[in-house]
Amino acid sequence: MRLGKLITFEGPDGAGKTSVLEAIIPIISQHQKQDIVISREPGGVQISEKIRDIILDIHHTQMDDKTELLLYIAARRQHMVEKVFPALDKGQLVFMDRFIDSSVAYQGFGRGLDVEAINWLNQYATDNRKPDLTFFFDVPSEIGLKRISLSDDREVNRLDLEKLEMHQKVREGYQELAQKESQRIKKIDATKPFEQVIQDVLDILLPYLESNKI
Ligand code: TYD
C-alpha cells in the first residue's frame, strides 16, 4: 500500500507550470510535516535523464512518433521504480512536473497516436498509479510559444520547435482530459499574472492537503 500523495503539474509549453511549482514549494513546506519530493518528466533519475536527452535533442528530427512515445514511457517507468514509488511508500508528498497526461496530450492529441494504446502503456509503466491531484495550466498556444521565445533561461527543445498547429492540438487534448476527469484535474488560467496563478493553485492545494493529511 503506497501511502504518499502524487500531485502533478501539466500544461502546454510556456504555461509557466515549472515556475509556479518552484514558487509554491517553500509555501507548502511551511504547512506540511512530511517530506516533499520534487521531480520532473522526462527525467528525474540518471537513466531517465539520459533518455530525456535523446528525446529532446533538436538534431533528432527523424525520430518516429511511436519511438518518441515509447521513450517517454521507458523514462517514466524507470523514474517510478527508482524514485516515485519509494517516496510514496515512505508516505512522502511527491510533486511532479509532467506525467501521464503529457503522453495523452502530446503523443495522443498532438501526434495523433492511438489514445487507448497510450492509456494502456501508461498503466503498464506506472503499475496503474494515477496522480491524486493534477493542475492543468491552460494558456493559448500563441502566448505559450511567445513566452518560450522570450525566456532566456529555458533551452529550446525538439518539441518546442513543432508547428503552432501541434501545440494547439496539445492544448485541446488537455482541455478534453480536464473535462473528462474533472475530479482529479483542476484547470488553472495561466494567462493571469504570476502571483494570481500561484494564489489560484494554493486555494485548491492547501485545503486538499489539509483534508488529506497522510
Ligand atoms: P521540458 O523542457 O521539460 O518542457 P516543459 O518545461 O514545458 O515541461 O520538455 C519536456 C517536453 O516533453 C515538453 O515539450 C512536453 C514533452 N512531453 C511529451 O511530449 N510527452 C510526455 O509524456 C512528457 C512527459 C513530456
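Residues numbered from 1 in each chain as written. Predicted model: local features only at pLDDT ≥ 70, side-chain atom pairs only at ≥ 80, totals over all residues. Heavy atoms only, no water.

If you check an unreviewed UniProt entry, the protein chain appears there as Thymidylate kinase from Streptococcus urinalis 2285-97. Under the UniProt heading Function (unreviewed entry), the note attached to the protein chain is "Phosphorylation of dTMP to form dTDP in both de novo and salvage pathways of dTTP synthesis." (UniProt positions renumbered as here; feature names shortened; annotations may be inferred.)

Once that is clear, we can look at the pattern of salt bridges. For the structure on display, the rule yields 17 salt bridges. Two residues, glutamate 181 and lysine 130, come together in a salt bridge whose shortest N-O distance is 3.3 Å. Here lysine 130 lies in the loop between α5 (115-126) and β4 (133-138) and glutamate 181 lies in the loop between α7 (164-180) and β5 (185-189), a separation of 51 residues in the sequence. When salt bridges that share partners are traced, they join Asp65, Glu68, Arg111, Arg158 and Glu162 into one network. (Salt bridge = Lys/Arg side-chain N within 4 Å of Asp/Glu carboxyl O. Helix = DSSP H or I, 4+ residues; strand = E, 2+ residues; numbered from the N terminus.)

What follows concerns the packing of aromatic side chains. Applying the stated criterion across every chain yields a total of 6 aromatic pairs. Judged by centre distance (6.4 Å) and plane angle (85°), the ring pair of tyrosine 106 and tyrosine 174 falls under edge-to-face. In this pair, tyrosine 106 sits in helix α4 (residues 100-110) while tyrosine 174 sits in helix α7, placing the two residues 68 residues apart along the sequence. For tyrosine 174, a relative accessible area of 2% translates into the label buried. On the basis of an interplanar angle of 15° and a centroid distance of 5.0 Å, the ring pair of tryptophan 120 and tyrosine 124 is categorised as stacked. Taken together, the residues span about one helical turn, with tryptophan 120 and tyrosine 124 both in helix α5 at a distance of 4 residues. (Phe/Tyr/Trp six-rings, centres within 6.5 Å; stacked < 30°, edge-to-face > 60°. Buried < 20%, exposed > 50% of the residue type's maximum accessible area, 1.4 Å probe, protein only.)

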